[in-house]
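So the chains spell out like this:
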Amino acid sequence: MKENKKTYWKGLEELTNDPEFVKNADREFPEMPSSLNGEEGPSRRDFLKLMGFSLAAASLAACEAPVRKAIPYVNKPVDINPSIPNYYASTFSSGGDYASVVVKTREGRPIKIDGNELSPINKGGVSAIVEASVLTLYDRERLTGPHINGEKVEWSAFDADLKSKLASAGSIRVVSNTILSPSTQQALDQFSEIFGAEIVTYDPMSNFGIISAAKTTYGVDGLPSYNFDKASVIVSFAADFLGTWISPIEFAKQYSKGRKISKEKPVMSRHFQFESTLSLTGANADYRTPIKPSQSGLAVLSLYNALAKLAGGPTVSAAAVEIENLDRAAKELWANRGKSLVVSGSNDPNVQIVINAINDLLQNNGTTVDFSKPSYFRKGDDTRMNQFVSDLNGGRVGGVIFYNCNPVYDFPRGAEIAEGLSKVKVSVATNGTKDETASLVQYIAPDHHYLESWNDFNPKTGEYSLSQPVISPLFDTRQAQDSFLAWADAGTNYYDFLQGNWESNFFATQSEITNFQEFWDRSLFNGVYSVSSESSAVTGFADISSAASAVAKTYKASNDQIELSVYAKVGIGNGTFANNPWLQEMSDPISKATWDNYLTVSQKWAHENELKMSEGATRKAKVTVGNKSIVVPIMVQPGQAYGTVGLALGYGRTNAGRVGNGVGVNAYELLDSSKGFVDFNLTENIGVELLSDTYKIAQTQTHETYMGREFVIQEATLGEYQKNASAGRHHPEVYFEGEFVKPSKISLWKGHQYSQHHWGLAIDMNSCIGCGACTVACQVENNVAVVGKQEVLNRREMAWIRIDRYYSSPEGASSNKELEVAAENPEVTFQPMMCQHCNNAPCETVCPVAATTHSSEGLNQMTYNRCIGTRYCANNCPYKVRRFNWFKYHDNKDFAAVNVAQNDDMGKMVLNPDVTVRARGVIEKCSMCVQRIQSGKLTAKREGRKVQDGEINTACAAACPTDAIVFGDMNDTSSKITKMLKIQEETISALKEVNEERAYHVIEYLNVSPNVWYFTKIRNKDKSEA
Amino acid sequence: MTIKRSLLSVPLRLSTLLLVFLLSMSTQVYAVNPDVSDSEEAIAAGKSIFNANCRTCHRLDQKNIGPALRGVTDRHSIEWNKKFIRNSQAFIATGDAEAVAIYNEFNQLAMPAHEFLSDDDVMNLLSYIEYGDKADPAAAAAAGGVEGGQVGTGGGIPSEYLTIILAVLVIVLLLILVVLGLIISILTKYLSSQKLDEVDEEFVNQKFDFKKILRSDAFIIIMTTLVIAFVAKSGIDQLYTIGVQQGYAPAQPIAFSHQLHAGQYEVACQYCHTGVEIGKSANIPSANICMNCHAHIQNVGGKEGISTEIQKIYNAVDNNQPIEWVRIHNLPDLAYFNHAQHVAVGGLECQTCHGPIEEMEVVYQHSSLTMGWCIDCHRQTDIKSQGNEYYDKLVQLHSESKNALKVKDIGGLECAKCHY
């Protein structure tokens, strides 16, 4: 029966059939943690406690319900109606990270962020960080007013005091991350002019190399615009453009366009990735080659030489380096000149100059990479920042203002900045929390949260967007721009300043609207505004020989030493939002680890050092870089290049707040900025010493397995698909009355009739990049609890939607050698997994109290108030998507530190009022956002019409930046999902004839008949291989 | 005979007088201006204008916040009416004597301007005022006269009579018992004086042995079963009432009377409960909605000064301090209820669930709000599918069935319709 030769595995312990793993794998729920079952049986005291509880419960139940108040507004705002959400277009921005968003508010409280579909940048997509950012508004760690030397003061006193100090401070520096806002820049300039201040910009995840290369080669200020959608061949040297590189939401949207495949368009882009640590982008590549960071420069050079040879141009001298797939990449790039793209994540300006030369050689300029339309997501200048740190310590700085940045934590020389701050006369921070930097300054003028602020943004040439406050300021904070204007005695507030700026600069760029107020209102309503004519001149191409020889000198073809590559994780990013529990508990797309960073090592290294990692149990290592050292747990990571280790940024915060403090270790302090740029790759003098200390990393990947059930993942190569659209599909058959038939032909069930709607999901595994935006979106929408690291270790995370990450290799592995081969560079597949809403649901039949039932619209309903917690349903679920509330996670001091959205008064403001917060002892699971379905139906009914396709959407599908998840009504013949699945016959039966060859059900032969369809994964490979 | 006749003549004369009085009340003699049309269309058009703009303050035949309007074309010229309706304040400012008199008579309450009404609109409005909704004058007078009285349920025997009849029946039955007892004792006495055979004598002299019955097994079993059944039944019933607050009528911070506002003045429910057709919650009105009327109306029943209850609204507005009403209808958090679904889509009357709210001096919870109560209604209620395209397919699929399309037929009993 098994046609598929690949072995799929979720973790190394599954691949090797580790006995401990096998023992636990057949349990839906692990054994109780030792604290509860350590003693033998319940004691007499337990019995008395229970007695007491029952008595108290009985007497409580007998009480009358408490008096509740209904408090209306004194003066109801016209557009706020209780229970009816309002939506406002705004913009998320943190440094150069950018997304145009739509904010949903209820009763004046922002509760959910969605992407703005009108935005030409992110086109409705969001990332996990953007989704989670709404919770930071309600962070208890936010400062509640201005402080001078730790004392809370009034704004007037603060301004008076600070202004006099600034006037006599001497040389003043304003330090900030990338400023995307033209109006903010103007306000700062105005301030700088008066006080003679200099603005220093840096980025925690610096792309200074690209900026500096753009300046050298094209004389352009800014980053180029990338168009991944126009590229048929994509080559990336360690640029994690789908996860963390520059503008990942935008790139994911573009990338997915080239990856979508259908019978009508049976082509897709081919993607090569050369990197050390398995990144989200690498996991999606068709051909991935693990390389060492010390080789990366030479790899770029040899690609240049290969292309130059094909072009018949001059080559540059470089040491030969043996890198798999590089020649193939060169050939295919050359064949696709003008529609290919080469990018590099290196921060070395010389490497980026060679990259520019390659794209120039390939005639990609103006198509896939566009320097005439620069983007501004990163403006950080590492050289000037280095100069600032030296000036600070040299006593040449009189005053310093940190504008919403935290260099003490996230700049490699943070410790020096911390030391140097004692030498300045005036130090100011506008940071919203008392973070590592703000806690060391004299004056803190806390800024509003972005959801409380007015601002504008210019992420790309000609593209503008606005942000508007969606809630009155919660605290006595003041927008930083207002602070700068106040200190500069500008005599205006920032709102007027901003409007004035738009009136004088942008109003005239259009002729459609003649009234400024109308123009302003329109721009604010849309959230975005484009000026089509803007573009910047590109000068001729500069010579690359000096850059090439510098690269040839710096990089080595082989290096015996172990190398460290520092990367960023999709969830935590640069660490700004480390205090956000949703991001901490979001499992990393690759390692599936939560609440930690760790040193990723290869399986080969682990064997050499006799380290065996099983189900998160591991040991710690001491990593030494020069004279700095840190102790960090080890993660054996398939795909990690041998001879390299990886470590994520964004952890090890000391002043983030109670959630983020002390989680992981800080990798910024290991980085090196001595070469004039921040180098994220350390290739020399690295020591990794395995310690005997054991440690447990909370991973979600090792549980919820399918027990070796086959055909969960179905995939094919592009060539196979072009020949046969149902390639890779497994068609199970069962023997019945003398012949083999499809499982759906025989059934115990009578089958359902869905007379009005038949809701379903179609998930394209080719588009899904595994970014996890849907998991956080679901958490926000459905009030899913955060349980904390210990409970994740106990396998009790509550996520309703998870992304299963499968590695695959040609064969299983029984010996160490085979394991090394399998784990050297496995293929990766992502599969979003949520309740499959089976038409023949196994959970429904085993519930003794009918708490889980089937609806007349195809939904599998979970009724919390009826559930008595037998967990039979979870045991009987083949997809392992049901979650049990082992504890009361809300209003419980034991979870107050992690589950802030359900415990403190501030955090609770983010809860979705339409969804119940679940009690202890009940099962919960994906409801297919039934609250959204109900509300969409009600709108249609009130307007006396049918539900239109697209007006109802689930949170996961709405958040998806690649449109991999499509929700819709399978009874509606015109809906997108019906067309995708090619359902031709109009029927109200639950069993629909799906004619799309790629569509399949996970574990189809069980005939549970899910309403969630998956589309086979198609890899653009020449032949099926791992 | 003279005496008799004179005795008869008194009620006759009185009744004649009364009749004349009643007639004079009902047909207060006035002449409708002949320009005012009495066509049905004009009256209907006028009615909708009246309901939308005037009804909050005016009635046709009763003095309300503003004067009773019927006969207004007799009292004033058409032109005068147009001016007053369009912009009364401007008209009063011109010093027109009639207008100023009315303004002063009604405590100088300003009537909003209605400049958007066209000439035709005003004529239609006047048609309705003069010819529309002619209620039975006696009933109208009675309704106007009764203050806060309970309106009879109408039809059948009134409940107080029922009690009297029951009491009489019980007395009669008791009397019958006494009479029967007397007959038995007389007969026994008579028989004991007669000579009887042994069997009969035993029968006559037998004693009623109460103790024996008490000790019998059958009696003990029956009684024990009954007691257990009673205790269990009342226990279970009691459990079912936990959290059920039917009849809950807490004291509110302001003694607001729905009887006065919704009953007597017929202010539409939606005027204050603005959310009822658009959202989940009906909305307790915010103070600014109260102020729409109470900016002018400061006291009840034409009394001078500001009433203490109305003063509380002013205080709330002046101090920006919201009024903390006590919530009466409390659904548990696990149940989702949406007013718009029931009122705007289902077309239910408020009274279906909230009871005779227009008669409530103090609002109480009329229905039990238990799940059984919800489900019962979903089982019995027809879908209001007429003219709503959303239901077309369901109606079509249901057309073969003889029964009407009920809420239960389209998933109205499913868990996830209310619990999520």
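Here the structure is a predicted model, which means the values were calculated and not measured.

Colleague: What's the story with the overall build of chain B in this structure? I'm lost.
Modeller: Helix and strand counts for chain B come out as 20 helices and 1 strand. A total of 420 residues make up chain B; the buried ones form 16% of that total. Long-range contacts, defined here as pairs at least 24 residues apart, represent 67% of the contacts in chain B between residues at least 6 apart.

Colleague: Sorry if this is basic, but what is going on with the overall build of chain A here?
Modeller: For chain A, the helix and strand inventory stands at 31 helices and 44 strands. Computed over its C-alpha atoms, the radius of gyration of chain A comes to 29 Å, within 12% of the 31 Å expected for a compact globule of 1026 residues. Projecting the C-alpha coordinates of chain A onto the three principal axes gives extents of approximately 90 × 80 × 65 Å. Within chain A, the proportion of its 1026 residues that are buried is 56%.

Colleague: How do you make sense of the confidence of the model for chain A when you look at a structure like this?
Modeller: Low-pLDDT portions of the prediction should not be read for the details of their coordinates. Confidence in the prediction of chain A, expressed as mean pLDDT, is 88, and 92% of residues score 70 or more. In the model, residues 34-39 of chain A has pLDDT below 50 throughout and makes 1 contact with residues more than four positions away in sequence or in other chains.

Colleague: Sorry if this is basic, but what is going on with the domain arrangement of chain A here?
Modeller: How big an interface is tends to be expressed through the accessible area that disappears when the partners come together. Residues and elements named next belong to chain A. In terms of domain boundaries, chain A breaks down into domain 1 (213-374) and domain 2 (560-699). Distance from the C-alpha centre of domain 1 to the C-alpha centre of domain 2: 27 Å. Taken residue by residue, the interface counts 18 residues in domain 1 and 23 residues in domain 2. With 3 residues, the top contributor of residues to the side of domain 1 that touches domain 2 is helix α10 (residues 280-284). Its residues placed into classes, the side of domain 1 that touches domain 2 shows 7 nonpolar, 8 polar and 3 charged.

Colleague: What exactly am I supposed to notice about the interface of chain A and chain B here?
Modeller: Of the residues lining the interface, 41 residues belong to chain A; the matching set on chain B comes to 47 residues. Of all the secondary structure elements, the ones that give two or more residues to the side of chain A that touches chain B are α4 (44-62), β2 (69-70) and α29 (930-942) of chain A. Here the side of chain A that touches chain B is built from residues that sort into 17 nonpolar, 15 polar and 9 charged. Bridging between β2 of chain A and strand β1 (residues 325-326) of chain B involves 2 bridges; their strand directions are antiparallel. Across the sheet, K69 of chain A pairs through a bridge with V326 of chain B, a residue of β1 of chain B.

Colleague: Would you mind going over the sheet that holds strand β22 (residues 563-567) of chain A with me for this structure?
Modeller: Within a sheet, adjacent strands bond to each other through the backbone by hydrogen bonds, running parallel or antiparallel. Here we have 7 strands laid out as an open sheet, ordered β28-β22-β27-β24-β26-β25-β29 (chain A), and mixed in their pairing. Where the open sheet ends on each side, the last strands, each with one partner, are β28 (681-682) and β29 (686-696) of chain A.

Colleague: In this structure, what is going on with the packing of helix α8 (residues 208-218) of chain A against helix α13 (residues 349-361) of chain A? I would like to understand it.
Modeller: All names here are of chain A. Look at α8 against α13: their axes get within 8 Å of each other, and the N-to-C directions meet at 55°. For the element pair α8 / α13, the angle class is oblique. As α8 packs across α13, the resulting crossing turns out to be right-handed. Of α13, the residues touching α8 (which contributes G209, I210, S212, A213, T216 and T217) are P349, V351, Q352, I353 and N356.

Colleague: So what exactly am I meant to see when it comes to the sheet that holds strand β42 (residues 999-1000) of chain A here?
Modeller: Spatially, 4 strands are ordered β41-β34-β43-β42 (chain A) in an open sheet, and the strand pairing comes out mixed. The sheet is open, and its two edges are formed by β41 (965-969) and β42 of chain A, each paired on a single side.

Colleague: Which parts of the structure should I look at to understand helix α24 (residues 773-781) of chain A?
Modeller: It helps to recall that an α-helix has 3.6 residues per turn; residues three or four apart then point in one direction. Most of α24 of chain A is tucked away: 9 of the 9 residues are buried. Residue N783 of chain A follows α24 of chain A closely and has a positive phi angle near 50°.

Colleague: Before we go on, may I ask you to explain the nonpolar core in this structure?
Modeller: If you look at the biggest cluster of nonpolar residues, it comprises 289 residues, and the most contacted ones within it are V354, I358, L599, I763, A777, C956 and I965 of chain A. Both domains that furnish three or more residues to this core are identified here as domain 1 (213-374) and domain 2 (560-699) of chain A. Beyond its immediate sequence surroundings of up to four residues, I358 of chain A is in contact with L303, Y304, L307 and V342 of chain A. Counting residues in each nonpolar core, the second largest holds 12 residues, with V36, L60, L125 and I129 of chain B among its members.

Colleague: Would you mind showing me how to read unusual backbone geometry here?
Modeller: In terms of backbone geometry, most residues other than glycine have negative phi values and most peptide bonds are trans. Look at H837 of chain A: it is not a glycine, yet its phi comes out positive at around 45°. Counting through the fold element by element, H837 of chain A comes out in the loop between β36 (827-833) and α27 (842-846). Not every positive phi belongs to a glycine, and N283 of chain B is a case in point at roughly 80°. With respect to the secondary-structure elements, N283 of chain B resides in the loop between α14 (269-272) and α15 (287-294).

Colleague: What am I meant to see in helix α7 (residues 119-131) of chain B here?
Modeller: All names here are of chain B. The end-to-end C-alpha separation of α7 is 18 Å, in line with the 18 Å expected for 13 residues at 1.5 Å each. For α7, the complete set of buried residues consists of N124, L125, L126, S127, Y128, I129 and E130. Where α7 is buried, its residues touch α2 (40-53), α3 (72-75) and α4 (78-86). Positive backbone phi, at 40°, marks D133, one or two positions downstream of α7.

Colleague: What's the story with the environment of A773 of chain A in this structure? I'm lost.
Modeller: Residues and elements named next belong to chain A. Here A773 lies in helix α24. Separated by 647 residues in sequence, A773 and V126 have C-alpha atoms that sit 6.7 Å apart. Each residue touching A773, except ones within four places of it in the same chain, is listed here: V126, S127, A128, E131, A959, C960 and P961.

Colleague: Help me understand the environment of S193 of chain B, please; the structure alone is not making it clear to me.
Modeller: The topology assignment puts S193 of chain B in helix α9 (residues 159-193). On the basis of neighbour counts, which here come to 7 C-beta atoms within 10 Å, the residue S193 of chain B falls in the exposed class.

Colleague: Quick question: what am I supposed to make of the pairing of β22 of chain A here?
Modeller: Residue and element names in this part refer to chain A. Across the 5 residues that make up β22, a large majority, 5, are buried. Side chains of β22 alternate between two faces, with E563, S565 and Y567 and L564 and V566 buried alike. Pairing of β22 with strand β27 (residues 644-648), which is carried by 5 bridges, proceeds in the parallel orientation. Bridge pairing in β27 links E563 to T644. By the bridge criterion, 2 bridges tie β22 to β28 in an arrangement that is antiparallel. The partner of S565 across the bridge, within β28, is N681.

Colleague: Sorry if this is basic, but what is going on with the pairing of strand β11 (residues 233-237) of chain A here?
Modeller: The side chains of a regular strand alternate between the sheet's two faces. All names here are of chain A. With 5 of 5 residues buried, β11 is to be regarded as a mostly interior element. Of the two faces of β11, both are covered, the one formed by V233, V235 and F237 as well as the one formed by I234 and S236. Relative to strand β12 (residues 270-275), β11 is paired through 5 bridges, and the arrangement is parallel. Of the residues in β12, the one forming a bridge with I234 is H271. Chirality of the crossover, the property in question, places the unit of β11, helix α9 (residues 248-259) and β12 among those that are right-handed. Direction of pairing for β11 relative to strand β14 (residues 340-344): parallel, over a ladder of 5 bridges. Considered in β14, the bridge of V233 is made with S340.

Colleague: I would appreciate a short explanation of the confidence of the model for chain B in the present structure.
Modeller: All names here are of chain B. Mean pLDDT over chain B: 81, with 86% of residues reaching 70 or higher. In the predicted structure, residues 1-28 sits below a pLDDT of 50 and forms 5 contacts with residues beyond four places in sequence or in another chain. When the criterion is pLDDT under 50, residues 136-155 qualifies, and its contacts beyond four places in sequence or with other chains add up to 13 contacts. For this predicted complex, the interface confidence score (ipTM) comes to 0.84, while the overall pTM stands at 0.82.

Colleague: Even after reading the chapter, I still don't get the environment of G719 of chain A, so can you show me in this structure?
Modeller: Relative to the assigned elements, G719 of chain A resides in helix α23 (residues 718-723). Taking the C-alpha atoms as reference, G719 of chain A lies 9.5 Å from V267 of chain A; in sequence the two are 452 residues apart.

Conventions and cut-offs
- Residues numbered from 1 in each chain as written.
- Chains lettered and ligands numbered in written order.
- Predicted model: local features only at pLDDT ≥ 70, side-chain atom pairs only at ≥ 80, totals over all residues.
- Helix = DSSP H or I, 4+ residues; strand = E, 2+ residues; numbered from the N terminus.
- Buried ≥ 20, exposed ≤ 12 C-beta atoms within 10 Å, placed from the backbone.
- Contact = placed C-beta atoms within 7 Å.
- Rg over C-alpha atoms; globule rule 2.2 N^0.38 Å.
- pLDDT = per-residue confidence, 0-100.
- Domains from an automatic or database assignment.
- Nonpolar A, V, L, I, M, F, W, Y, C, P; charged D, E, K, R; others polar.
- Pairing = 2+ DSSP bridges.
- Axes fitted to C-alpha atoms, helices over the stretch in contact; angles between N-to-C directions.
- Parallel < 35°, antiparallel > 145°, perpendicular 65-115°, else oblique.
- Left-handed = near helix turned anticlockwise from the far one by under 90°.
- Core = buried A, V, L, I, M, F, W, Y, C linked by C-beta atoms within 7 Å.
- Expected span 1.5 Å × (residues − 1).
- Right-handed = clockwise from strand over helix to strand, strands pointing away.

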